[in-house]
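# Understanding the architecture of this molecule
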Amino acid sequence: MAMLLSDKIYIAGHQGMVGSAIVRLLKTQGYNNLILRTRDELDLTCQSQVQQFFESVQPDYVFLAAAKVGGIQANNDYPANFIYQNLMIQNNVIHEAYLNKVNRLLFLGSSCIYPKNVSQPMAEAALLSGQLEPTNEPYAIAKIAGIKMCESYNRQYDTDFRSVMPTNLYGQGDSFHLSNSHVLPALLRRFHEAKVNDNPEVIVWGSGTPKREFLHVDDMASACLHVMNLEKKILDQAISPMCSHINVGYGSDLSIKELALLIAKVVDYAGEITFDSSKPDGTARKWINSSILANLGWTPRIALQTGIERTYEWFCQSDELRE
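Residues numbered from 1 in each chain as written. Predicted model: local features only at pLDDT ≥ 70, side-chain atom pairs only at ≥ 80, totals over all residues. Heavy atoms only, no water.

Within the protein, the secondary structure is distributed over 11 helices and 13 strands. Against the compact-globule benchmark of 20 Å for 323 residues, the protein has a radius of gyration of 19 Å, which places it among compact chains. Expressed along its principal axes, the backbone C-alpha trace of the protein runs to roughly 60 × 40 × 40 Å. When contacts within the protein are restricted to residue pairs at least 6 apart in sequence, long-range pairs at least 24 apart make up 81% of them. In the form shown here, the protein has an accessible surface area of approximately 14500 Å², with 48% of it arising from carbon and sulfur atoms. One way to put it: in the protein the 28 positive side-chain charges average out to a point 3 Å from where the 34 negative ones average out. (Helix = DSSP H or I, 4+ residues; strand = E, 2+ residues; numbered from the N terminus. Rg over C-alpha atoms; globule rule 2.2 N^0.38 Å. Contact = heavy atoms within 4.5 Å. Areas by Shrake-Rupley, 256 points an atom, 1.4 Å probe, with all protein chains shown as cover. Lys, Arg positive; Asp, Glu negative; His and termini not counted. Charge placed at Lys NZ, Arg CZ, Asp CG, Glu CD.)

What follows is the structure in structure tokens.
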């Protein structure tokens, strides 16, 4: 059964990049009974607060997009924060969704759940088949735990909890912090400031050789709604109980060097680009296999250059320039 316009829909993390995109999409499709709470109003790491919230609100559907996220540097500097906060958020929300008989829950994970040296593109079955990338292992372990928690509750309690694993996301609402953000927004800001300040050179972290896949956040929101509304019997035919997550990707990847050149083109920066190999590269390649989702009727619509152009336009109009 698809969500009804009258259903109570809770979007955890609605102020984040993915959560806000889900809210925008739901509103455009006529879903106005949305339940939204800021971090100050509801601390998802606090079990008692989450318990009281679910018991009083009784949502019909839950999008679990709340998480502590960050780039390579942030994951290296704050590993305890990443594993603790994400585990607490997931445990509290998923368990209360079960206790309060939520119709469906959609858990958002990350492609970093897959082993460092797994064959490309990464299929859902590759989960737990090898060692993780050390730079973001605590975050990845938390996300794996979230997937397995959804699986376990489905098996034991016959809940309908679903998980989607996005590739690298970008777009409106992203963080553009120069050291703690992900590679695409960090580069976008770095090239923009170099252009504004007439800097002759932009230094890019790493060798430039790793390859990454990027998906616009509005496409991710579309995929989330598509998966949430799939009939359970159709979903059960596509995935197994012990491999219940679904990859969401763009379909192709490119090197960090190619990305830097594309961003320079969008920003209209004409200076030199230098790669600093003393900085960590992370995983050599991250490209996910999205064939299951394609067979379930969803494919992305926003081309990479178009998406970067939209993101740059939003960035130039946002408060990020003042941070």
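That shown, we press on.
Take the sheet that holds strand 1 (residues 9-12) next. Within the open sheet, the 6 strands sit side by side as 2-1-3-4-5-10. Their pairing is parallel. Where the open sheet ends on each side, the last strands, each with one partner, are strand 2 (34-35) and strand 10 (245-248). In this structure, strand 5 (residues 161-166) lies alongside strand 10, joined through 4 bridges in parallel fashion. Looking at the pairing, Ser163 lines up with His245 of strand 10. Seen against the sheet, helix 1 (residues 17-28) touches strand 1, strand 2, strand 3 (61-64) and strand 4 (104-108) and runs at an angle of roughly 155° to strand 1. Helix 7 (residues 217-228) rests against strand 3, strand 4, strand 5 and strand 10 of the sheet, and its axis sits at about 145° to strand 4. (Pairing = 2+ DSSP bridges. Axes fitted to C-alpha atoms, helices over the stretch in contact; angles between N-to-C directions.)

Formed by 39 residues in total, the largest nonpolar core has its most connected members in Tyr10, Leu44, Phe54, Leu64, Val93, Leu105 and Tyr114. Elements represented by at least two residues in this core include exactly strand 1, helix 2 (47-57), strand 3, helix 4 (79-99), strand 4, helix 5 (137-157) and strand 5. Sort the elements by how many residues they give to this core and helix 5 lands first, with 7 residues. Dropping the residues within four chain positions of it, Leu105 is found in contact with Val62, Val93, Ile94, Ala97, Cys150, Asp160, Phe161, Arg162 and Met228. (Core = buried A, V, L, I, M, F, W, Y, C linked by side-chain atoms within 4.5 Å. Buried < 20%, exposed > 50% of the residue type's maximum accessible area, 1.4 Å probe, protein only.)

Right, let's get into the packing of helix 6 (residues 183-196) against helix 9 (residues 256-267). Between helix 6 and helix 9, whose axes approach to 9 Å, the crossing angle comes to 45°. As far as their axial angle goes, helix 9 and helix 6 are oblique. Judged by the sense of rotation from one axis to the other, the crossing of helix 6 with helix 9 is right-handed. Taken together, the residues of helix 9 that come into contact with helix 6 (itself represented by Val183, Leu184, Leu187, Leu188, Phe191, His192 and Lys195) are Ile256, Leu259, Ala260, Ile263, Ala264 and Val267. (Parallel < 35°, antiparallel > 145°, perpendicular 65-115°, else oblique. Left-handed = near helix turned anticlockwise from the far one by under 90°.)

With that settled, the discussion passes to helix 6. Over its 14 residues, helix 6 runs 20 Å from end to end, which matches the ideal 20 Å to within 8%, given 1.5 Å per residue. Within helix 6, 10 of the 14 residues are buried, which leaves it mostly tucked inside the rest of the structure. Among all positions of helix 6, only Leu184, Pro185, Ala186, Leu187, Leu188, Arg189, Arg190, Phe191, His192 and Ala194 are buried. Elements in contact with the buried residues of helix 6: strand 6 (168-170), strand 7 (201-205), strand 9 (214-216), helix 9, strand 12 (272-276) and helix 11 (304-317). The positive-phi residue at the C-terminal boundary of helix 6 is Asp198, with phi of around 55°. (Expected span 1.5 Å × (residues − 1).)

Once that is clear, we can look at the environment of Ala67. Within the element layout of this structure, Ala67 appears in the loop between strand 3 and helix 3 (72-77). Distance in space between the C-alpha atoms of Ala67 and Leu108 is 8.9 Å, their sequence separation being 41 residues. The contact partners of Ala67, leaving out residues within four places of it in the chain, are Asn86, Ile89 and Lys143.

Turning our eyes to something else, we now look at the packing of aromatic side chains. Scanning the entire structure with this criterion turns up 11 aromatic pairs. An angle of 55° between the planes, with centres 4.6 Å apart, marks the rings of Tyr10 and Phe53 as tilted. In this pair, Tyr10 is assigned in strand 1 and Phe53 in helix 2, connecting sequence segments 43 residues apart. Each member of the pair, Tyr10 as well as Phe53, is classed as buried. With centroids separated by 5.4 Å and ring planes inclined at 90°, the aromatic side chains of Phe53 and Phe54 adopt a geometry described as edge-to-face. Phe54 matches Phe53 in its accessibility class, with the two residues each being buried. Among the aromatic side chains, those forming a connected cluster through ring pairs are Tyr98, Tyr153, Tyr157 and Phe161. (Phe/Tyr/Trp six-rings, centres within 6.5 Å; stacked < 30°, edge-to-face > 60°.)

Let's shift gears to the pairing of strand 5. If a strand is regular, its side chains alternate between the two faces of the sheet. The buried count for strand 5 comes to 6 of 6 residues, which makes it a mostly enclosed element. Residues Phe161, Ser163 and Met165 of strand 5 are buried on one face, and the alternating residues Arg162, Val164 and Pro166, pointing to the opposite face, are buried as well. Traced from strand 4 through helix 5 to strand 5, the parallel crossover comes out right-handed. (Right-handed = clockwise from strand over helix to strand, strands pointing away.)

Scanning all chains against the criterion turns up 9 salt bridges. Two residues, Lys116 and Glu133, come together in a salt bridge whose shortest N-O distance is 3.9 Å. One end of the pair, Lys116, is in the loop between strand 4 and helix 5; the other, Glu133, is in the loop between strand 4 and helix 5, with 17 residues separating them in the sequence. By relative accessible area, which is 7% here, Glu133 ends up buried. Several salt bridges share partner residues, and in doing so they unite Arg104, Asp160 and Arg162 into one network. (Salt bridge = Lys/Arg side-chain N within 4 Å of Asp/Glu carboxyl O.)

Fair warning: the whole summary comes from geometry, so function is off the table for now.
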